[in-house]
Amino acid sequence: MKYFLNAPYWVKCFAINIYGFFLYKRRFNTVYKSFKNKIDNNLQKTKREILSEQFVLLKNNLIFCYEKIPYYKHLFEKVEFNPYTFSSEEEIKKIPYLTKDIIRDNYNDLINPSIPKSKYITHYTSGSTGERLEFLIPKKLRYSLNAAFLYRFYSFLGIREGDRRATIGGRRFTNTAPFWIYNYFENQLLMSSHHLNDQNKEKYLKKLNEFKPVFIQGHPSSILVLAKFIKDFRVKLKFNLKGIFTTGETLIEDDRKIIETSFNTIVLQQYGSGENAFSAQESPTKKGYLLNYEHGYVELIGKDKLKQVVVTSYLNDVMPFVRYKIGDYAIASNCYETKKYPLPVKFKEIVGRIDDIIFSSKGSVIVPVTVRMLLKPFLFSGTNYQLIQDNSIRFTLNLVDIDYRIDVDSLKSELIKLLGEEVKISVKYKKHLLTKGGKIRNVINNYKALS
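The paragraphs below set out a description of the structure included in this document. Predicted model only: the values in this text are computed from it and were never measured.

Reading the values: rules and limits
Chains are numbered independently. Their residues run from 1 in the order of the written sequence. Only residues with pLDDT of at least 70 are given local features in this predicted model, and only at 80 or more are side-chain atom pairs given and counted; all residues enter the totals for whole chains, interfaces and linings. Hydrogens and waters are ignored; side-chain quantities use all the structure's heavy atoms. Residues enter a nonpolar core if they are buried and are Ala, Val, Leu, Ile, Met, Phe, Trp, Tyr or Cys, with the set joined through side-chain atoms within 4.5 Å. Exposure categories follow from relative accessible area, calculated using a 1.4 Å probe and restricted to protein chains: below 20% of the type maximum is buried, above 50% is exposed, and the middle band is partly exposed. Working definition: helices are DSSP H or I runs of at least four residues, strands are E runs of at least two. Numbering for both runs from the N terminus. The contact criterion used is simple: two residues touch if any of their non-hydrogen atoms lie within 4.5 Å. Criterion used throughout: strands pair if DSSP finds at least two bridges between them. Convention adopted: a line fitted to C-alpha atoms gives each axis, helices being fitted over their contacting stretch, and angles between N-to-C directions are expressed from 0 to 180 degrees. To estimate how far a helix should extend, the number of its residues minus one is multiplied by 1.5 Å. Starting at the helix axis, one direction is taken to each C-beta atom, and the arc is that of these directions. By the definition adopted for this analysis, an angle is roughly parallel if under 35 degrees, roughly antiparallel if over 145, roughly perpendicular if from 65 to 115, and oblique otherwise. The crossing is said to be left-handed when, going from far helix to near helix, the turn is anticlockwise and less than a right angle, and right-handed when the turn is clockwise. Residue type decides the class: Asp, Glu, Lys and Arg count as charged, Ala, Val, Leu, Ile, Met, Phe, Trp, Tyr, Cys and Pro as nonpolar, and the leftover types, Gly among them, as polar. Here, a salt bridge means any side-chain nitrogen of Lys or Arg that lies within 4 Å of a carboxyl oxygen of Asp or Glu.

With that out of the way, let us pick up the nonpolar core. The biggest cluster of nonpolar side chains holds 72 residues, and the ones touching the most others in it are Y72, F278, V309, M319 and F347. Considering every element that reaches this core, the biggest residue donor is helix 7 (residues 139-155), with eight residues. Here Y72 is in contact with C65, Y66, L98, L110, P320, F321 and V322, once residues within four sequence places are set aside. Of all hydrophobic cores here, the second largest spans 33 residues; its members include L205, L208, I230 and I259.

Now the structure itself:
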């Protein structure tokens, strides 16, 4: 990987566009077109029709799980749950919750043995609520079906497939300038979050002005860095955006206002699970999150204002999850949008990633995704981290690592390269990490806020 990161620019462009070609073929194929047409037509349905269809989808999924998945056949019989006579959503409460530990302990029994290996891939969650989780996902869900849900959402703002988009993301594809590459096949400017600092902010905006995207995707903390630069230095933009879509981190309302004002456009949050069990997107009217009811069934449990999200996947026929405690929390809502957006709204606010922006010893901005991607290769199943900035040069690294498998010396060495040679990192082993609303805070700044 390090050879690719330091390769000549044309080599990186060529390699990424080859990869982009294959991604384009996997995403925007006949499966995509058929499914996109189907879910677009669902927008013409009434509330009653959608509720009825949602129940049919749930029942058929439970029958499928009973017939095809060994774990559920045994579980349903044990708790005397009969999916064939299932007649009310209340009855699903007879089924015990599925947790990450249960998935690990019953991994093979949760797999559909009738699906050939060529039809699915192994995937992992990022570990924002605890340890990483390994699971299986159909290729068509990972690529085509997810793309269809996204572009149905984008269409609410008049965006179509092929419109110019800039993605400010956490994928590391270079160590040297320029910090962006054009993906020809999706008309996409890929911009690295890892180099978005004080020295390069103006260059990023200059490139955006040249590219003139129709919309922007990315982590809110990264886009906020650019928005503050636009605001503070009154940078003039030479393009008009139809919208900005944020994902991967919680979008703070104060930050949303800054981004919307600076870029003169609406900012909407996307929300889904690494497990691909369900997805939802914030309504353009800001009433809450429009649930893709064709993707999965959502329950909100608990008596407090913050309720735990429990999901049942519909589209994963390889390793379906039933009543899975995903680890996220939400503020409940129970309304339907106007005829323009006729999807159910189950929650109005999500507690997702709640990490902070931190600073190097020289004061350069470091966004949370940069830390996350740097440390990801060092983590194992059952491990996690929390990096806390105590002052300009002192950091605390809390690790959950019962068996001491993490290479701490190498990890610290990489962090020092990122944070500055002057920094001091104190490593502490913990049983639990600091949380907020049930979500582990992986990056915490106790020193200062982004001004």
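That was the structure; now back to the text.
Here four strands make up an open sheet; going across it, the order is 19-18-17-22 and the pairing mixed. The sheet terminates laterally at strand 19 (424-429) and strand 22 (443-445), the two strands that pair on one side only. Between one strand axis and the next, the sheet turns by 20° as a mean value, whatever way the strands run. Those strands touched by helix 11 (residues 368-375) are strand 17 (384-389) and strand 22, and its axis lies near 140° from that of strand 17. Those strands touched by helix 12 (residues 408-419) are strand 17, strand 18 (394-400) and strand 19, and its axis lies near 145° from that of strand 19.

The next point concerns helix 3 (residues 30-41). The terminal C-alpha atoms of helix 3 lie 17 Å apart, and with 12 residues this matches the ideal 16 Å at 1.5 Å per residue to within 8%. When we look at burial in helix 3, the residues that qualify are Y32, F35, K36 and I39. Projection of helix 3 onto a plane perpendicular to its axis shows the buried side chains occupying an angular sector of 105°, all on one side. Exposed side chains of helix 3 directed beyond 90 degrees from the buried face belong to T30, K33 and S34. The inward-facing, buried residues of helix 3 contact helix 2 (9-27) and helix 7.

This paragraph deals with the packing of helix 11 against helix 12. Put simply, helix 11 and helix 12 touch, their axes get as near as 10 Å, and they point 150° apart. With respect to helix 12, the element helix 11 is oriented roughly antiparallel. Seen along the crossing, helix 11 lies across helix 12 with a hand that is right-handed. Residue-level inspection shows T370, V371, L374 and L375 of helix 11 in contact with helix 12, the latter providing L411, E414, L415 and L418. The class makeup of the residues in the contact of helix 11 with helix 12 is six nonpolar, one polar and one charged.

Turning next to helix 4 (residues 47-68). One turn of an α-helix holds 3.6 residues; hence residues three or four places apart share an orientation. Relative to the 32 Å expected for 22 residues at 1.5 Å per residue, helix 4 spans 31 Å between its end C-alpha atoms, a close match to the ideal helical length. Residues of helix 4 that are buried: I50, E53, Q54, L58, N61, L62, I63, C65 and Y66.

Take the pattern of salt bridges next. For the structure shown, the criterion picks out 18 salt bridges. Residue K93 is joined to E90 by a salt bridge in which the shortest nitrogen-to-oxygen separation is 3.2 Å. E90 matches K93 in its accessibility class, with the two residues each being exposed. A salt bridge links E422 to K362, with the shortest nitrogen-to-oxygen separation between them at 3.6 Å. Residue E422 is found in the loop between helix 12 and strand 19, and its partner K362 is found in the loop between strand 15 (358-359) and strand 16 (365-366); the two are separated by 60 residues along the sequence. Look at E422 and you get partly exposed, because its relative accessible area is 39%. If you follow the salt bridges from partner to partner, you end up with R27, R165 and E186 in one network.

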